[in-house]
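Spelled out from the first residue to the last, the chains are:
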Amino acid sequence: MILPRDFYARRDTRAVARALLGKVLVHLDGGVRRAARIVETEAYHGPRDQASHARFGPTRRAAVMFGPPGVAYVYLIYGLSHCMNVVTGEEGHPAAVLLRAGEPLEGCLHSTRGPGNLCRALAIRRETENGLDLTGPPLFLEDAPRPREPIVAAPRVNVGYAGEWAGKPWRFLLGGNPWVSRPAPR
DNA sequence: GGCTAGATGTGA
DNA sequence: CACATCTAGCCT
C-alpha cells in the first residue's frame, strides 16, 4: 500500500518522522524499481525551528515546504549532494522530514547510508524529483510492518547554528541497524 | 578515530 | 560573500 496523504498531513512532524522508520521508499526510475527501507529520519518542525530551511519564509528553495503534505522537497547541499525530505503538516505550515539513511532493497546504485548517498542510490535529484507528489508513482513510500528494532531519538546532525533548536532530539533511527549514518551519541 | 577539500546555490 | 539538513579520501 502506498502511504496516503493523511499519513503526512499530521500536525506533529516528529510523529511522522518516527512513523516513517521501516517504511519503504520507492523510485520507479524509468521503469527500474529502486527501493530502500528507511532507517533514519530527522524532523524539521515549523517556521520557528531555527534549523529549518523554512526559517527564512517561503523562499524559492523552501517554497515546497509551505505547500501541501505528501510532496518531495529535494535540495542540493554543499554543491554536490542531494537530500530528500517529505513535506508534512497542513498546507501553509512549513514542516518536513529529512530521509537520512536506508537499507538497500532493490536496484540501489550506491550506498544508502547518509542523506546524500540515499538520494544517489535511488537516482533522486533536485532537478527531476523536487516537488513530486508522493501519493503515487514514480516516487512514493510504501507501508511496511512495524520495525523490530527500537526507535532511538538523538540530536539532529550539522545544525549547530540553530541555537536552542540545535539540541532538540529530533533525529530518529532504528537502534542497532547497520545502515544508520551515525550511531546515537552516548 | 579525525580532518579537510570539494562545487554550487542560497540568503544576508 | 559566507556558508550549507555532506561525502570521500586521506591522515594518524
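That block above? That's the structure.
In short, a report on the structure. Bear in mind the structure is a predicted one, so any value in this text is a computation, not a measurement.

Turning our attention to the overall build of chain A. A tally of helices and strands in chain A yields four helices and nine strands. Counted from the first residue to the last, chain A has its helices and strands arranged as α-α-β-β-β-β-β-α-α-β-β-β-β. Relative to the 2.2 N^0.38 estimate, which gives 16 Å for 186 residues, the radius of gyration of chain A is 15 Å and therefore close to what a compact globule would have. Structurally, chain A occupies a C-alpha span of about 40 × 40 × 35 Å along its principal axes. Burial status across chain A gives 46% buried among its 186 residues.

The next thing to look at is the protein's contact with DNA strand B. Lining the immediate environment of DNA strand B, one finds Phe56, Thr59, Arg60, Arg61, Ala62, Leu76, Tyr78, Gly79 and Leu80. Of the residues in the surface near DNA strand B, the class split is five nonpolar, two polar and two charged.

The next subject is the protein's contact with DNA strand C. Taken together, 21 residues surround DNA strand C, and among them His53, Leu98, Gly114, Gly116 and Asn158 come closest. Of all the secondary-structure elements, those providing two or more residues to the surface near DNA strand C are strand E2 (32-44), strand E4 (81-87), strand E5 (96-106) and helix H3 (115-121). Of the residues assigned to the surface near DNA strand C, the class counts are ten nonpolar, ten polar and one charged.

Looking now at the nonpolar core. In this structure, Ala72, Ala96 and Val97 are the most contacted members of the largest nonpolar core, which totals 51 residues. The element contributing the most residues to this core is E2, with six residues. Setting aside anything within four residues of it in sequence, one finds Ala72 in contact with Met84, Val86, Glu129, Asn130, Gly131, Leu132, Leu134 and Leu139.

Here the focus is unusual backbone geometry. In this structure, the amide linkage connecting Pro137 to the following residue, Pro138, adopts the cis form with an omega of 10 degrees. Locating Pro138 in the fold gives a position in the loop between strand E6 (135-136) and strand E7 (139-142). A positive phi angle, near 55 degrees, is found at Ala123, a position not held by glycine. Since 18 C-beta atoms lie within 10 Å of it, Ala123 is described here as partly exposed. Even without being a glycine, Asn158 presents a positive backbone phi close to 55 degrees. Relative to the helices and strands, Asn158 resides in the loop between strand E8 (151-154) and strand E9 (171-174).

Here the focus is the environment of Leu105. Relative to the helices and strands, Leu105 is located in strand E5. Along the chain, Leu105 and Ala9 lie 96 residues apart, while their C-alpha atoms are 27 Å from each other. Not counting residues up to four positions away in its chain, the partners in contact with Leu105 are Val24, Ala35, Ala36 and Arg37.

Attention now goes to the pairing of E5. With respect to burial, E5 is a largely interior element, eight of its eleven residues being buried. Here nine bridges tie E2 to E5, and the two strands are oriented antiparallel to one another. Bridged to Ala35 within E5 is Glu106. Inspection of the sheet shows E4 paired to E5 by three bridges, in the antiparallel sense. What sits directly across from Val87, in E5, is Ala96.

Calculation rules
- Residues numbered from 1 in each chain as written.
- Chains lettered and ligands numbered in written order.
- Predicted model: local features only at pLDDT ≥ 70, side-chain atom pairs only at ≥ 80, totals over all residues.
- Helix = DSSP H or I, 4+ residues; strand = E, 2+ residues; numbered from the N terminus.
- Rg over C-alpha atoms; globule rule 2.2 N^0.38 Å.
- Buried ≥ 20, exposed ≤ 12 C-beta atoms within 10 Å, placed from the backbone.
- Near = placed C-beta within 6 Å.
- Nonpolar A, V, L, I, M, F, W, Y, C, P; charged D, E, K, R; others polar.
- Core = buried A, V, L, I, M, F, W, Y, C linked by C-beta atoms within 7 Å.
- Contact = placed C-beta atoms within 7 Å.
- Pairing = 2+ DSSP bridges.

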